Amino acid sequence: MRRAGWYLITGAVAGFAGVLGLHIGGTAAPAALGQPVRGETGTPPALAGGSAPGTTPPATPAGATGPARSAAGAVEPYGYGQLSVTVTVRGDRIVAVSVPVLRTVDPYSQQLAQQVIPMLRSEVLAAHSAQIHGVSGATYTSEAYAQSIQSALDKLHSR
Amino acid sequence: MGYESVVAPRSRQGRKRPRALPEPRRPRPALARAGLVAAGAGLGAVTALAITAETGAELRAPGGAATFLGSLTGLVGTYLALLMVLLVSRIPAIERVLGQDGLLRWHRRLAPWPISLLLAHALFITIGYAQAARAGLWHQVGVMLTRYPDVLIATVGLGIMAGIGVVSLRAIRRRLRRETWWLIHLYMYLALALSFAHVLALGPSFVGHPLTRIVWSVAWAGTAGLVLCYRFGLPVVRSMRHRLAVAEVRQEGPGVVSVICTGRNLDKLPITGGQFFFWRFLTRSMWWQAHPYTLSALPQPPYLRLTVKAVGDHSAAVARLRPGTRVAVEGPYGAFTKYAQQRPQALLVAAGIGVTALRSLLEDMPRNAAPVVLLRGTRPEDLVLHKEVADLVRYRRGRLHDLVGTREQVVLDERSLPRLVPDLHRRDIYVCGPESFVTTIVDLAARLGVPAEAVHHEAYAL
């Protein structure tokens with residue numbers, strides 16, 4: 001066929017642009033990750049100083065008034081397992097976060113998740129939302145965590 | 001009664017076909033062009049999927065670059081494998097434009113890519129995950145095979161693909177019987193089926209992305225459906241509907257026989273002159289092979305005729321077929337038809353048994369087509385179907401040249417061909433015959449300045 005190459009290239013450019021456009025439109029959603037905050041080695045600086053996360057009882061942040069409401073976020077699957085996060089909100093502030101469901105496909109992911117979840121919890125409490133930066137070296141876990149929190153927040157707002 | 005090859009002058013029928021024959025379906029180049037755009041779009045989409053699968057942070061993390069390359073090679077390799085399957089699924093609309101031989105050529109050209117890319121995919125992903133987990137490479141292989149969902153069967157599938165790749169290397173393929181190689185490479189269907197699950201379970205573009213999962217699944221299901229429908233289903237339905245059976249085997253020349261078949265509802269079989277079928281004669285020794293033979297005349301319901309030269313086991317066995325043998329067919333296939341013609345007139349060149357396609361083409365031409373026909377053969381008795389061709393050429397107001405003799409006696413080159421055919425620039429060239437002959441004529445036409453789109457060829461290989 002004459003000019004077969006041109007038809008192929010036109011199609012390729014169109015397909016490429018289409019998927020790219022869809023993806024960019026899609027990531028304007030919550031849990032936007034991608035800004036590298038931690039170092040490349042994956043050693044989280046949060047562990048280096050400060051109190052051991054996960055053991056400090058959450059201090060009630062200023063501005064949190066009214067009855068506490070909780071919701072469980074959706075079970076988010078990610079490449080190495082699934083997790084779901086339960087969020088407790090007072091007023092419009094997140095006051096507590098816990099992970100009732102964590103299933104991983106292999107022991108390394110389990111270990112990683114257990115290390116990373118306390119850090120993610122601190123991030124969420126500091127940011128008071130699901131817009132967190134995540135932890136480098138555990139990006140899929142961080143994304144799933146953020147998405148589950150967002151779905152829990154959506155449930156609370158809709159109530 | 002028997003079959004008489006009816007070669008009518010068409011004076012009363014004019015340009016219309018006799019009412020007994022169906023209107024064949026025209027090839028639509030626009031459909032093929034749309035197919036090309038779609039194929040390209042898929043490639044672009046799959047590449048974009050790979051690029052958007054990881055964020056910048058993930059890329060910079062340990063193992064990020066290798067995992068990215070693994071995603072890219074996996075997605076593009078699988079896509080190309082699906083394309084290859086589609087190329088040989090014999091979708092009629094595509095086949096009519098590109099022809100079975102054109103599709104096979106692209107299928108063979110693409111072939112090394114999916115296998116190499118998918119092998120690279122396995123390697124890169126393993127390296128990437130090993131780096132992310134800070135584990136050794138071999139340990140990571142063990143982990144992935146035992147603990148990640150569906151990776152073990154996908155690896156079996158990859159092994160089958162690698163095996164097919166090895167067996168298809170020219171050095172090894174030459175040592176195998178053609179049927180053996182072909183049966184081995186059919187296992188590609190199994191290999192692809194085995195590797196489907198792990199993509200949706202583990203691929204970062206798919207986990208948690210319902211739209212991408214749906215599109216991917218639909219693409220696979222669609223490909224499988226097309227293969228089942230057109231590669232397997234349609235031939236079975238046609239064979240059952242038309243119930244072809246051998247009626248007579250006639251000697252046409254030294255080593256050449258015509259097989260006349262009868263069938264029902266042949267007026268519903270859309271055949272254009274020059275097309276062929278894959279023939280599966282249902283005898284104990286031949287039922288498992290399907291070989292391509294061209295129809296040597298347009299159908300005359302209830303008769304179909306093919307003319308075969310004994311050059312191998314199967315074609316020699318055709319001469320010994322007994323009347324009443326049932327026949328299963330796949331087809332009609334082929335783009336070597338009048339629809340390929342672009343210029344007002346045609347030059348038809350055939351050598352040996354290549355005259356079969358030419359004879360059907362001639363019958364399909366309009367009354368005042370005025371073709372020039374060159375028949376090439378070593379001895380006069382090698383020019384089979386000569387009388388029919390001569391009559392048809394006369395009725396179409398054309399010229400016939402018999403070029404009989406050895407290769408030293410008859411020379412077709414840049415001087416002799418224009419002398420035989422002075423108005424070569426106004427003619428499409430159709431050439432049919434053994435592969436070496438076809439290559440010679442095609443090269444000669446190129447040297448004489450005939451554009452490639454005006455040269456149509458059908459080579460008969462063993």
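Residues numbered from 1 in each chain as written. Chains lettered and ligands numbered in written order. Predicted model: local features only at pLDDT ≥ 70, side-chain atom pairs only at ≥ 80, totals over all residues.

**As for the sheet that holds strand β1 (residues 244-253) of chain B**
Residues and elements named next belong to chain B. The six strands lie next to each other as β4-β3-β6-β1-β2-β5, forming an open sheet whose pairing is antiparallel. Strand pairing shows two members of the sheet lacking a second neighbour, β4 (291-294) and β5 (303-309), which therefore form its edges. Averaged over all neighbouring strand pairs, the angle between strand axes comes to 40°, with direction disregarded. Note: β1 against strand β6 (residues 326-333), two bridges, orientation antiparallel. Opposite Leu244, over in β6, you have Val327 as the bridge partner. (Pairing = 2+ DSSP bridges. Helix = DSSP H or I, 4+ residues; strand = E, 2+ residues; numbered from the N terminus. Axes fitted to C-alpha atoms, helices over the stretch in contact; angles between N-to-C directions.)

**Notes on helix α1 (residues 4-26) of chain A**
Here α1 of chain A spans 33 Å end to end across 23 residues, near enough to the 33 Å set by a 1.5 Å rise per residue. Within α1 of chain A the residues assigned to the buried category are Tyr7, Gly11, Ala12, Gly15, Phe16 and Val19 of chain A. Looking at the buried positions of α1 of chain A, the neighbouring elements they touch are α1 (29-51) of chain B. (Expected span 1.5 Å × (residues − 1). Buried ≥ 20, exposed ≤ 12 C-beta atoms within 10 Å, placed from the backbone. Contact = placed C-beta atoms within 7 Å.)

**A closer look at the environment of Tyr148 of chain B**
Checked against the element boundaries, Tyr148 of chain B lands in the loop between α6 (137-147) and α7 (151-167). Taking the C-alpha atoms as reference points, Tyr148 of chain B and Leu202 of chain B, 54 residues apart in sequence, are found 8.2 Å from one another.

**Structural notes on α1 of chain B**
For α1 of chain B, spanning 23 residues, the distance from its first C-alpha to its last is 33 Å, which sits close to the expected 33 Å at 1.5 Å a residue. Of the positions making up α1 of chain B, those classed as buried are Leu36, Ala39, Gly40, Ala41, Leu43, Gly44, Ala45, Val46, Ala48, Leu49 and Ala50 of chain B. Among the structural elements, α1 of chain A together with α3 (64-87) and α11 (210-242) of chain B are those in contact with the buried residues of α1 of chain B.

**A word on the interface of chain A and chain B**
Size of an interface, as often reported, equals the accessible area lost when the parts are brought together. Taken residue by residue, the interface counts 33 residues in chain A and 33 residues in chain B. Elements with a contribution of two residues or more to the side of chain A that touches chain B: α1 and β2 (76-78) of chain A. Ranked by the residues each element gives to the side of chain A that touches chain B, the list is headed by α1 of chain A, at 15 residues.

**Description of the packing of helix α5 (residues 112-133) of chain B against α6 of chain B**
Residue and element names in this part refer to chain B. Running from N to C, α5 and α6 point in directions that differ by 105°, and their axes come no closer than 9 Å. When the axes of α5 and α6 are compared, the pair comes out roughly perpendicular. From α5, Thr126, Ile127, Tyr129, Ala130 and Ala133 reach across to α6, where they touch Leu137, Gln140, Val141 and Met144. Split into classes, the residues belonging to the contact of α5 with α6 amount to seven nonpolar, two polar and no charged. (Parallel < 35°, antiparallel > 145°, perpendicular 65-115°, else oblique. Nonpolar A, V, L, I, M, F, W, Y, C, P; charged D, E, K, R; others polar.)

**What to know about the environment of Arg93 of chain A**
Residues and elements named next belong to chain A. Within the element layout of this structure, Arg93 appears in strand β4 (residues 93-104). Owing to 17 C-beta atoms within 10 Å, Arg93 belongs among the partly exposed residues under this scheme. In sequence terms Arg93 and Ser129 are 36 residues apart; their C-alpha atoms lie 8.3 Å from each other.

**As for the sheet that holds strand β9 (residues 399-404) of chain B**
Residue and element names in this part refer to chain B. Pairing is parallel across the open sheet formed by five strands, whose spatial order is β9-β8-β7-β10-β11. Looking at the sheet topology across the chains shown, the edges are occupied by β9 and β11 (455-460). On average, each strand axis in the sheet is inclined to that of its neighbour by 10°, with strand direction left out of account. Of the pairings in the sheet, the one linking strand β7 (residues 345-351) to strand β10 (residues 427-434) comprises six bridges and is parallel in character. Bridging across to β10, Leu348 finds its partner in Tyr430. Each of β7, β10 and β11 touches helix α16 (residues 435-447); the most contacted strand, β10, lies at about 155° to it.

**Focus: the domain arrangement of chain B**
Each assigned domain of chain B is listed with its residue range as follows: domain 1 (29-236), domain 2 (243-333) and domain 3 (338-460). Between the C-alpha centres of domain 1 of chain B and domain 3 of chain B the distance comes to 42 Å. (Domains from an automatic or database assignment.)

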